[in-house]
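Given next are the chains, with one letter for each unit.
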Amino acid sequence: MPGFQSRAYHACMYMHDLETRQNMRKQPERADFECFRIEGARSAEQSAESEQRVARSIRGIEADKNKQRGIQMEKETAIKFENVSKIYKLKRKDKDVQKDQKTQYFYALKDISFDVKKGQVLGILGTNGSGKSTMALVLSGIASPDEGEITVNGEQALVAINTGLNKELTGLENIKLKGALLGLTEKRIGEITEGVAEFAEIGDFLYQPVKKYSSGMKSRLGFSINLCLDPDILIIDEALSVGDKGFAHKCLDRMKELKEEGKTIIFISHSLPQVREFCDTAMWLEGGKMKEYGTIDEVCDHYAEYIERYNTLTKAEKKAEREEKFKDRIIKNRKVSLMDRLFG
């Protein structure tokens, strides 16, 4: 029976197709219309598929362009800050403060965003306590941000007084330690040692413990080590503010050579003349926030006007202004984490 049903089905289908063809012969116009309709449907379907292919191709091209732009921007960008904040804990010693209010958290840096292009020389200005040294630590990777993201393309080195030197070791041992931490060969470390001894000009103090150095000698050694390591990004935090002027000029001359070589340099200083002379862009930090970022002359002019106004204030007015800035940096109702309880 199953075989009979299958044969009956196929016979019925054959008769139906035969009748359809006969009707189409009797009505040629209808047949032509039917063919036209079918061809039109096929053409429309093919056109839609073609449009989809073109749209996919365009999207692919745009995606490739965006990817290439991103790669190009990454090649051109040395440092990128996106909404970066750094939070520190402050212990209050006031006797009249309640126990649960003894610990405060405040923004050393708050919601800072900027780009530094490769080969750019950026000067960072700001009054005492504005966040410049914290910025140097975050830029160099010594301190991590608590909020936001940082992208650094290249090897960076921080030159700052009392930073990166082991006081118990001699100057020579500090050079070898720094080289070993960077994975340098003994031959390369030897070359760096010769360069440091020649540039720092500290004589036999190179073989003495760093704890016996003056501030100027520490600055000389730290600056010389980092210059000879030839980093992609050099971060200088007030390192030229101590020591003799002759060595400061020598350092500035070497930094100008690095600038011409296309090195990226971040120069943090209180000295407006030095920043104006050496940098091409400037950032003004105040109260942990970025007050201004732009061309060197414009930012320096505005900062100079601010300092001039600030210096006309009385001691009481200066204190009131500082307290107001600090109050704005305090984080209210911050939840204390388990890590804060364990290690705070």
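Before reading further, recall that the structure is shown in the block above.
In this report, the structure presented in the accompanying data block is examined. The shown structure was predicted, so the numbers you read here are calculated from the model rather than taken from an experiment.

Looking now at the pairing of strand β6 (residues 233-237). Across the 5 residues of β6, 5 count as buried, placing the element largely inside the fold. Burial along β6 is two-sided: the residues I233, I235 and D237 and L234 and I236 are all buried. Pairing analysis gives 5 bridges linking β6 to strand β7 (residues 264-268), with the strands arranged parallel. Note that in β7 the partner of I235 across the bridge is I266.

With that settled, the discussion passes to the sheet that holds β6. Pairing is mixed in the open sheet, where 6 strands are placed in the order β5-β6-β7-β3-β8-β9. Each edge of the open sheet carries a strand with a single partner, namely β5 (156-160) and β9 (289-295). Looking at each pair of strands side by side, their axes are set apart by 15° on average, direction ignored. Pairing of strand β3 (residues 121-125) with β7, which is carried by 4 bridges, proceeds in the parallel orientation.

Here we come to the pattern of salt bridges. Here the structure, examined in full by the defined rule, presents 16 salt bridges. Between D146 and K86 there is a salt bridge, with the nearest N and O atoms lying 3.7 Å from each other. Remark: K86 occurs in strand β1 (residues 77-91) and D146 occurs in the loop between α3 (132-140) and β4 (147-152); sequence separation between them is 60 residues. Among the residues examined, D146 registers a relative accessible area of 42% and is labelled partly exposed.

In the structure shown here, the tally under the stated rule is 1 cavity of 30 Å³ or more. Along its surface, the largest cavity is lined by L227, D230, P231, L234, L258 and K263. Classifying every residue of the lining of the largest cavity by side-chain character gives 4 nonpolar, no polar and 2 charged.

Our focus in this paragraph is the packing of aromatic side chains. Tallied over the entire structure, the rule returns 10 aromatic pairs. Between F106 and F326, the ring centres sit 5.6 Å apart and the planes meet at 50°, which makes this aromatic pair tilted. In this pair, F106 is assigned in strand β2 (residues 103-117) and F326 in helix α10 (residues 315-329), connecting sequence segments 220 residues apart. What makes F106 buried here is its relative accessible area of 14%. For the ring pair W284 and Y306, a centre distance of 5.3 Å and an interplane angle of 55° mean the geometry is tilted. One end of the pair, W284, is in strand β8 (residues 281-286); the other, Y306, is in helix α9 (residues 296-311), with 22 residues separating them in the sequence. The two residues W284 and Y306 agree in class, both being buried. Members of the aromatic cluster, each reached through a chain of ring pairs, are W284, Y303, Y306 and Y310.

What follows is about the sheet that holds β2. Across the sheet, 4 strands lie side by side as β4-β1-β2-β10; this open sheet has antiparallel pairing. Sheet topology places β4 and β10 (330-331) at the edges, where each strand pairs with a single neighbour. Pairing of β1 with β4, which is carried by 5 bridges, proceeds in the antiparallel orientation. Across the sheet, the residue bridging to I79 is V152, located in β4. Contacts from α10 reach β1, β2 and β10, with the element oriented near 85° to β2.

What follows covers the side chain of S269. Along the chain, the position of S269 falls in the loop between β7 and α8 (272-278). The exposure class assigned to S269 is buried, which follows from its relative accessible area of 5%. A polar contact of 2.9 Å, which involves the side chain of S269, links it to the backbone nitrogen of S271. S269 has contacts with I124, L125, E238, Q274 and V275, leaving out every residue within four places of it along the chain.

Relative orientation of the contacting elements helix α5 (residues 186-200) and helix α6 (residues 215-228) amounts to 135°, with a least axis distance of 9 Å. With respect to α6, the element α5 is oriented oblique. Viewed along their axes, α5 and α6 form a crossing whose handedness is right-handed. For the pair α5 and α6, contact is made by R188, I192, G195, V196, F199 and A200 and by R220, L221, F223, S224, I225, L227 and C228, respectively. For the contact of α5 with α6, the residue count by class is 9 nonpolar, 2 polar and 2 charged.

About the cut-offs
- Residue numbers restart at each chain and count upward from 1, following the sequence in its written direction.
- This being a predicted model, a pLDDT of at least 70 is required before a residue's local features are given, and a value of 80 or more before pairs of side-chain atoms are given or counted; all residues contribute to the totals for chains, interfaces and linings.
- Processing note: side-chain calculations cover all non-hydrogen atoms of the structure and skip hydrogens and water entirely.
- Relative accessibility decides the category of a residue: with a 1.4 Å probe and only protein chains considered, values under 20% of the type maximum give buried, values over 50% give exposed, and everything between is partly exposed.
- In this description a helix means any DSSP run of H or I spanning at least four residues, a strand means any run of E spanning at least two, and both kinds are numbered starting from the N terminus.
- Two strands form a pair only when DSSP identifies at least two bridges running between them.
- Throughout, an axis means a line fitted to C-alpha atoms (over the contacting stretch in the case of helices), and angles, computed between N-to-C directions, take values from 0 to 180 degrees.
- Basic side-chain nitrogens of Lys or Arg form a salt bridge, by our definition, when they fall within 4 Å of a carboxyl oxygen of Asp or Glu.
- Only protein atoms enter the calculation, which uses a 1 Å grid: trapped sets of points that fit a 1.4 Å probe without letting it out are cavities, open sets showing protein on both sides within 12 Å along at least five of seven lines are pockets, and any residue with an atom within 4 Å of a point is a lining residue.
- Grid points are joined across faces, edges and corners, and a volume is the space filled by probe spheres set on the points.
- The nonpolar class holds Ala, Val, Leu, Ile, Met, Phe, Trp, Tyr, Cys and Pro. Asp, Glu, Lys and Arg form the charged class, and all remaining residues, Gly among them, are polar.
- Between rings of Phe, Tyr and Trp, where Trp is taken as its six-membered ring, a pair exists when centres lie within 6.5 Å; planes separated by under 30 degrees are stacked, by over 60 edge-to-face, and by other angles tilted.
- Note on contacts: a residue pair is in contact if any heavy atoms of the two residues lie within 4.5 Å.
- Counting of polar contacts relies on pairs of N or O atoms within 3.5 Å, with two restrictions inside protein: one atom must be capable of donating a hydrogen and the other of accepting it, and residues adjacent in sequence are counted only when both atoms are side-chain atoms.
- In this scheme, roughly parallel covers angles under 35 degrees and roughly antiparallel covers those over 145, while 65 to 115 is roughly perpendicular and the rest are oblique.
- Crossing handedness is defined as follows: a turn of the near helix away from the far one that is anticlockwise and smaller than a right angle gives a left-handed crossing, while the clockwise case is right-handed.

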